[in-house]
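# Topology and contacts: notes
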Amino acid sequence: MTQALIQIRNLHFSRGQNKIFDGIDMDIHVGRITAIMGPSGTGKTTLLKLIGGQLRPDDGEIIVDGLNVHQLSRSELYKLRKKMGMLFQSGALLTDLNVFENIAYPLREHTNLSESMIRSMVLIKLQAVGLSTAHGLMPAQLSGGMARRVALARALALDPMMIMYDEPFTGQDPISLGVLVKLICETNKALKLTSIVVSHDVEETLSIADDVKIISQGKVVAQGTKKEMENSDSAWVRQFLDGQADGPVPFHYPGDSIEQQLLQDVR
Amino acid sequence: MKGIIHILARLGRGSIFLTKILSGIPQLFLRFSLVVQQLYSVGVKTLFITMVAGLFVGMVLALQLYYTLSTFGATDTLGMLVDLSLVRELGPVVAALLFAGRAGSALTAEIGLMKATEQLSGLEMMAVDPVDRIIAPRFLAGFISMPLLAGIFSAVGILGAYSVGVDLLGVDSGAFWSQIQAKVDFYDDVFNGIIKSIVFGFIVSWIAVFEGYDCIPTSEGVSSATTRTVVNSSLAVLGMDFVLTAIMYQ
């Protein structure tokens, strides 16, 4: 196993009274695709925001590339973020800029490259995601799958060491989904990246993941390589991977039983 | 009690946000194209409604004042009274109310939607501070636009009053302008009006960008924030107008 690029230790995070993480420990290894899976609302996206320093934990630490994210100054954090790419669920493209300008944006902000060099780099990135001819389109003219591919090209613009994918497969048609799966896998290999894929699309995610972590109820309930997960007989793993309605994650939202609620109404 | 704490908390967040904006403004002079773009969408696009409103306010003012002044045989002072009303009060206040409705609401909705669609988070993850790149240019553009729009409102209003007073009601043209020249003081009247519009521009722009940035990132949240911008800006402008008038003309 390669060394850990990201180390999460004893992570606690709450939103109001709602405890999202209750002492999570996790390592994300260099050069691998790590899938973070779990039911909706377990804090998968929150975890990415904590890794990117957009949120502060209540307790614990996140070390990325040897740096404690939440002890960095603003300029140090921004320096680290230049080495992190993030693909948002919505794509998060700037809607007033066309595809070309969206990808050129981080290059214009953080480099002193000439216009011709920026043009070359943008077209190369677009070619990598199969959209070099779409550089003049506005984000509103793109389909959901195309928008995510453009967002991936933008995330790759500064040649980061790692990329975080937030629900990349949600709402995609089978063709776009296949393209995204292939792109994530190929870019990770070709550019020697470290990828974190947050998703609850089991089949697609497992098809490309090297490591899998399953989060539920504020804890990492299972982790291991893809093979270990597939062969696991843990109730958590089986419920999630096999899509069982009831199990350790209850079908019913916690609270009073239906009988108690009906009686309350009568009273 | 909970409501007071909520208001104080928002006021605190708004003040911290304002210091962040102000600290980002010096960098904008190196990238002034960001501000120029916003001057167009915040200022130029508000020009039409400001000019039309100014024209009609000036015309109505001339009609109202003419009928009142005619009972005293003092219609020659029409120009001076219209001018004083516009540059001291109506220009800055009505232009600010229009600015809050047209540009302030648009600023809040734009920033709120950028938040809801994760564009602001996307910028942060690209190591670009959204306050420096998105908020500060919009704030500065609003701050610069407001006094200019108030000036245009007053100028067009005076022309509207001239067309009604002189061309329609027969007030002497020379008297109209000479009364303005003689009685309107640059410092006491025009300059104080400019100060008011600068203060209103600051307040409306601040409220608009803060409401957008602080909104709940849902369609309902953006809608509420936009409404709050118009309501709070209008109330703040009217309240501040009283305070400034009391200080300036005591």
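Provided above is the structure to which this section pertains.
How each quantity is defined
Residues numbered from 1 in each chain as written. Chains lettered and ligands numbered in written order. Predicted model: local features only at pLDDT ≥ 70, side-chain atom pairs only at ≥ 80, totals over all residues. Helix = DSSP H or I, 4+ residues; strand = E, 2+ residues; numbered from the N terminus. Rg over C-alpha atoms; globule rule 2.2 N^0.38 Å. Buried ≥ 20, exposed ≤ 12 C-beta atoms within 10 Å, placed from the backbone. Contact = placed C-beta atoms within 7 Å. Nonpolar A, V, L, I, M, F, W, Y, C, P; charged D, E, K, R; others polar. Axes fitted to C-alpha atoms, helices over the stretch in contact; angles between N-to-C directions. Parallel < 35°, antiparallel > 145°, perpendicular 65-115°, else oblique. Left-handed = near helix turned anticlockwise from the far one by under 90°. Pairing = 2+ DSSP bridges. Arc of directions from axis to C-beta.

### Some points on the overall build of chain A
- Scanning chain A for helices and strands turns up ten helices and ten strands.
- For 267 residues, the compact-globule formula gives about 18 Å, and the C-alpha radius of gyration of chain A, at 20 Å, lands near that figure.
- Considered along the principal axes of its C-alpha atoms, chain A spans approximately 70 × 40 × 40 Å.
- Taken over 267 residues, chain A has a buried fraction of 37%.
- Within chain A, counting contacts between residues at least 6 apart in sequence, those at least 24 apart form 63% of the total.

### With respect to unusual backbone geometry
- Positive phi is not limited to glycine here, since Asn10 of chain A has a value of about 50°.
- As for its position among the elements, Asn10 of chain A is in strand β1 (residues 4-15).
- Its identity is not glycine, yet Ala127 of chain B carries a phi of approximately 65°, on the positive side.
- By the secondary structure assignment, Ala127 of chain B is in the loop between α4 (119-125) and α5 (130-168).

### Regarding the environment of Gly136 of chain A
All names here are of chain A.
- When you line up the elements, Gly136 lands in the loop between α4 (115-128) and α5 (144-155).
- The sequence separation of Gly136 and Met37 amounts to 99 residues, and the corresponding C-alpha distance is 36 Å.
- Other than its neighbours up to four places away in sequence, Gly136 contacts Asn98 and Phe100.

### Some thoughts on the interface of chain A and chain B
- Opposite the 14 residues of chain A that make contact, chain B presents ten residues.
- Put simply, the parts of the chain that give the side of chain A that touches chain B at least two residues each are α2 (74-81), β6 (84-87) and α3 (99-110) of chain A.
- Considering each element in turn, the side of chain A that touches chain B owes the most residues, three residues, to α3 of chain A.
- A per-class count over the side of chain A that touches chain B returns seven nonpolar, four polar and three charged.

### What about the packing of α5 of chain B against helix α7 (residues 186-214) of chain B?
All names here are of chain B.
- It is at 8 Å that the axes of α5 and α7 come closest, and there the two elements cross at 150°. Put simply, α5 runs roughly antiparallel to α7. When the axes of α5 and α7 are compared, the crossing they make is right-handed.
- Split by residue class, the contact of α5 with α7 holds 15 nonpolar, six polar and one charged.

### Re the environment of Phe99 of chain B
All names here are of chain B.
- Tracing the backbone through its elements, the reader meets Phe99 in helix α3 (residues 78-116).
- The buried category is assigned to Phe99, around which 30 C-beta atoms lie within 10 Å.
- Phe99 sits 134 residues away from Ser233 along the chain, and the two C-alpha atoms are 9.5 Å apart.
- Apart from residues lying up to four places away in sequence, Phe99 is in contact with Thr46, Gly104, Met146, Leu149 and Val204.

### Things to note about the pairing of strand β2 (residues 18-29) of chain A
All names here are of chain A.
- Strand direction decides the pairing type here: β1 and β2, joined by nine bridges, are antiparallel. Paired with Ser14 across the bridge in β2 is Lys19.
- Counting the residues between successive antiparallel strands, the hairpin from β1 to β2 contains two residues, one of them, Gly16, with a positive phi of roughly 60°.

### A few points about the sheet that holds strand β3 (residues 33-37) of chain A
All names here are of chain A.
- Overall, mixed pairing links the six strands, which are arranged β6-β7-β8-β3-β9-β10 in an open sheet. Lying at the two open borders of the sheet, with one neighbouring strand each, are β6 and β10 (219-225). Geometrically, the sheet is characterised by an average inter-axis angle of 15° between neighbouring strands, direction not taken into account.
- Across four bridges, β3 lies against strand β9 (residues 211-216) in parallel orientation. The partner of Ile36 across the bridge, within β9, is Lys213.
- Across the sheet, α5 lies against β6 and β7 (162-166), angled at about 170° from β6, the strand it touches most.

### Quick look at the pairing of β3 of chain A
Residues and elements named next belong to chain A.
- Most of β3 sits inside the fold, with five of its five residues counted as buried.
- Burial along β3 is two-sided: Ile33, Ala35 and Met37 and Thr34 and Ile36, pointing in opposite directions, are all buried.
- As defined by bridge partners, β3 adjoins strand β8 (residues 194-198) across four bridges and the pair is classed as parallel. Looking at the pairing, Thr34 lines up with Ile196 of β8.

### Some points on the sheet that holds strand β4 (residues 59-64) of chain A
Residue and element names in this part refer to chain A.
- One open sheet accounts for four strands, arranged β2-β1-β4-β5; its pairing is antiparallel. Looking at the sheet topology across the chains shown, the edges are occupied by β2 and β5 (67-68).
- With respect to the sheet, helix α1 (residues 44-51) is in contact with β1, β2 and β4, its orientation differing from that of β1 by roughly 120°.

### Notes on helix α9 (residues 235-242) of chain A
Residue and element names in this part refer to chain A.
- Among all positions of α9, only Trp236, Val237 and Phe240 are buried. The buried residues of α9 occupy an angular sector of 95° when the element is viewed end-on, so they sit on one face.
- For α9, the elements touching its buried residues are β3, β9, β10 and α8 (226-231).
- Backbone geometry just downstream of α9 places Gly243 in the positive-phi region, at approximately 65°.

### Description of α1 of chain A
Residue and element names in this part refer to chain A.
- Those residues of α1 that sit buried are Lys44, Leu47, Leu48, Leu50 and Ile51. In a view along the axis of α1, the buried residues occupy a sector of 160°, so they form one face of it.
- Note on α1: the residue one or two positions beyond its end, Gly53, has a positive phi of about 75°.

Shape descriptors only; they carry no functional weight alone.
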